[in-house]
Amino acid sequence: MPIDIAIVGYAQSPSWERSELTEVQFLFPVIAEAIAMAGIDRRDIDFTCAGSCDYLSGQTFAFVSNLEAVGAWPPISESHVEMDGAWAMYEAWVALQHGDIDLALAFGSGKSSPGDPMQIYPLQMDPYTLTPLGADPTSLAALQARALLDSGRITEREMAEVAARNRRDAVANPYAQISGEEDVDALLASPYVTAPMRDHDLPPFSDGACAVILATADRARALSDNPVWIRGIDHRIEIHQPGMRDLRESPSTAAAGKGAGVADGPVDLAELSVAYTHQERILTDALGLGAGVKVNLSGGPLTANPMMATGLSRVAEAARAIQRGDGRRAVAHATSGQPLQQNLVCVLEGER
Amino acid sequence: MADIPITTHVIEFPYTRTLGPVIGPFLTGLRDGQILGIRSVDGRVLVPPTEWDPETGMPLDPAGLVPVGPGGVVETWAWVTRPTAKHPLAHPFAFALVRLDGADTALMHAVDAGSIESMATGMRVTAKFRDERHGHITDVVFVPEERA
């Protein structure tokens, strides 16, 4: 059995359409704030893991310079994943399982604004059959949405209702980029961007960062009277070719949810990586979340989508919601690859 | 003012590379005007063909490469109003998952349909090969079957 690990600190930057700061500059205060919340010194951290994507910077080994925001002297033990920060947290969680260390920092960051994600993201696809087609994230999401619409499991109005609810919830979120009261009929009257997706069905591509501090049980209790416990965490992947899987389902999310123990107790709230409105239905079905579960109280990725930090932000938002008293047991979900190809599920629980 | 020296640099990858026993024949097939799929361990025909079986991870036998299409059915589609510079067509078109005749999985590709009104789930499309082909996935584009 895995040993208990808790979140004792977390912080996020706002989600910016375009930050004038460098990635290091906006990472620095985020990491400092997470460390301050945990009540530790940066030199107390035994292991650091970062998640970012060099393709966004257009520079090889760009992730190395992000360590300027961590402080790497005296020498530190660190690692990097070319993935969302949620997978950096997974690696930190695994490192803590060994039992020889008791404090870890995980963070995710991305500055997508200098490039065009619609042209950069096809580079993550199969280099022979998909990258040469310019298979972009909006089109891939649209293929998935159409399949779900055709199956009758969702309507375009229900998709717009997800957007309107997320934007309304985001009004109270200081990190959100898009928020406000929306009229669903007005949203539905807007033109398609890539049919069946309208503007409100699509996420912003944002700049931003998120960091969390993990601690083993004894250390967590010494540092905090209200730690948020990681009760389970798992991630699974599916085949890459979008035409070789049923886009209407997410068996990898279901498997990760089972592995993380989602069904082992009642779920009060969930922070899901719903970057496209129709995906909320796919994910809540895969995780077996009923109507009573509060989904994306933060507004979710449709209102704040810092590349490479969106998944870890779900963990931070869920931890914040638990500590705020919105619920005791939460599910955080991160995704990677083309429409929900790879999924990470984490079950969080409050102390009380 | 001194003459500015001008130097010409040629950037090259001084090696050749093989696309392997499955992707190689698939792209060579496109150059020759044919689309190939491959038989999986459980007997399904996968398009595009893969070197390894998606379910078991076992290597797939290149002898199991079989012609599919050129016609097929649109399983789902997306209408691209404003193509990017990386898209295969410069005017509005559809991306679609096309299940080719004889295949058990769908190929993602572009459908040059003219207008969104010409697109529907379940419609038939067919491969239209470019006159000049290079062994690339973009050697082909799909069009509605009645317009072929």
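Our structure is the block above this text.
Being a predicted model, the structure only gives us computed values, none of them experimental. (Residues numbered from 1 in each chain as written. Chains lettered and ligands numbered in written order. Predicted model: local features only at pLDDT ≥ 70, side-chain atom pairs only at ≥ 80, totals over all residues. Heavy atoms only, no water.)

This next bit is on empty space enclosed by the protein. All names here are of chain A. What the rule picks out here adds up to one cavity of 30 Å³ or more. Space inside the largest cavity adds up to approximately 90 Å³. Around the largest cavity sit 16 residues that line it, and Q12, Y175, A304, P306 and S313 are the ones nearest its centre. When residues in the lining of the largest cavity are grouped by element, the largest group, three residues, is from helix α12 (residues 310-324). Here the lining of the largest cavity is composed, by residue class, of five nonpolar, nine polar and two charged. Residue assignment places the lining of the largest cavity across two domains, with domain 1 (5-116 + 205-229) and domain 2 (122-203 + 230-350) each supplying three or more. (1 Å grid on protein atoms, 1.4 Å probe; cavity = no way out; pocket = protein on both sides within 12 Å on 5 of 7 lines; lining within 4 Å. Points joined across faces, edges and corners; volume = space filled by probe spheres on them. Helix = DSSP H or I, 4+ residues; strand = E, 2+ residues; numbered from the N terminus. Nonpolar A, V, L, I, M, F, W, Y, C, P; charged D, E, K, R; others polar. Domains from an automatic or database assignment.)

Before going further, it helps to spend a moment on the pairing of strand β5 (residues 93-100) of chain B. Residues and elements named next belong to chain B. Where burial is concerned, most of β5 is hidden: seven out of the eight residues are buried. For strand β4 (residues 71-80) and β5, the ladder comprises eight bridges, and the chain directions are antiparallel. Along β5, the bridge assignment pairs V80 with F93. Strand direction decides the pairing type here: β5 and strand β6 (residues 107-111), joined by five bridges, are antiparallel. Paired with V98 across the strands is L107, a residue of β6. Where β5 folds back on β6, the antiparallel hairpin that results is connected by six residues, among which G102 adopts a positive phi of roughly 95 degrees. (Buried < 20%, exposed > 50% of the residue type's maximum accessible area, 1.4 Å probe, protein only. Pairing = 2+ DSSP bridges.)

The subject of this paragraph is the layout of surface pockets. Taking a probe equal in size to a water molecule and rolling it over the atoms shows the remaining empty space. There is about 770 Å³ of room inside the largest pocket. If you trace the largest pocket, you find 36 residues lining it, with A:Y121, A:Q124, A:T335, A:S336 and A:G337 closest to the centre. Of all the secondary structure elements, the ones that give two or more residues to the lining of the largest pocket are α2 (54-57), α6 (137-151), α12 and β11 (329-336) of chain A. Broken down by element, the lining of the largest pocket gets its largest block of residues, three residues, from α6(A). Of the residues belonging to the lining of the largest pocket, the class tally is 21 nonpolar, 12 polar and three charged. Domain assignment of the residues forming the lining of the largest pocket places at least three in each of domain 1 (5-116 + 205-229) and domain 2 (122-203 + 230-350) of chain A. Here the second largest pocket is characterised by a volume of approximately 550 Å³. As for the second largest pocket, its lining consists of 24 residues, of which A:T138, A:V193, A:D199, A:L202 and B:R82 are closest to the centre. In terms of residues, the lining of the second largest pocket owes the most to one element, strand β5 (residues 192-195) of chain A, which gives three residues. Of the residues belonging to the lining of the second largest pocket, the class tally is 11 nonpolar, seven polar and six charged.

Residue and element names in this part refer to chain B. Strands sit in the order β2-β1-β3 across an open sheet of three strands; the sheet is antiparallel. Of all the strands in the sheet, just β2 (45-46) and β3 (65-68) have a single pairing partner and so form its edges. Alignment of strand β1 (residues 35-39) against β3, held across four bridges, turns out to be antiparallel. Residue pairing in the sheet places I38 in a bridge with L65 of β3. Where helix α1 (residues 20-31) meets the sheet, it contacts β1 and β3, and its direction lies at approximately 155 degrees from that of β1. (Contact = heavy atoms within 4.5 Å. Axes fitted to C-alpha atoms, helices over the stretch in contact; angles between N-to-C directions.)

Moving on to unusual backbone geometry. The amide bond that connects A:W73 to the next residue, A:P74, takes the cis arrangement and shows omega of -5 degrees. Here the amide bond leading from B:G69 into B:P70 is cis, since omega sits at 5 degrees, within 30 degrees of zero. For B:P70, the position within the fold is in the loop between β3 and β4. Although it is not a glycine, A:N296 adopts a positive phi angle of roughly 50 degrees. Inspection of the secondary structure assignment puts A:N296 in the loop between β10 (294-295) and α12.

At the junction of the two partners, chain B supplies 33 residues and chain A supplies 28 residues. Taken together, chain B and chain A are joined by zero salt bridges. Between the two partners, chain B and chain A, sit nine residue pairs in polar contact (both at pLDDT 80 or more). Of all the secondary-structure elements, those providing two or more residues to the side of chain B that touches chain A are α1, β4, β5 and β6 of chain B. It is β4(B) that provides the largest number of residues to the side of chain B that touches chain A, a total of six residues. When grouped by side-chain class, the residues that make up the side of chain B that touches chain A number 21 nonpolar, nine polar and three charged. Bridge analysis of β5(A) against β4(B) gives two bridges, and the strand direction is antiparallel. When the bridges of β4(B) are listed, A:T194 appears paired with B:V80. (Salt bridge = Lys/Arg side-chain N within 4 Å of Asp/Glu carboxyl O. Polar contact = N/O pair within 3.5 Å; in protein donor to acceptor, adjacent residues only side chain to side chain.)

Residue and element names in this part refer to chain A. Over its 16 residues, helix α1 (residues 23-38) extends 23 Å from the first C-alpha to the last, a length consistent with the 22 Å expected when each residue adds 1.5 Å. Taken together, the buried positions of α1 are E23, F26, L27, V30, I31, A34, I35 and A38. End-on view of α1: buried residues confined to an arc of 165 degrees, all on one side of the axis. In the stretch just after α1, G39 is the one whose phi turns positive, near 75 degrees. (Expected span 1.5 Å × (residues − 1). Arc of directions from axis to C-beta.)

Now for the pattern of salt bridges. Taken as a whole, this structure holds 24 salt bridges over all chains when the rule is applied. For the salt bridge of B:E75 with B:R99, the shortest nitrogen-to-oxygen distance reads 2.5 Å. Pair noted here: B:E75 is in strand β4 and B:R99 is in strand β5, with a separation of 24 residues, a long-range link. The structure contains a network of salt bridges with shared partners spanning A:D4, A:R231, A:R328, A:R329 and A:E349.

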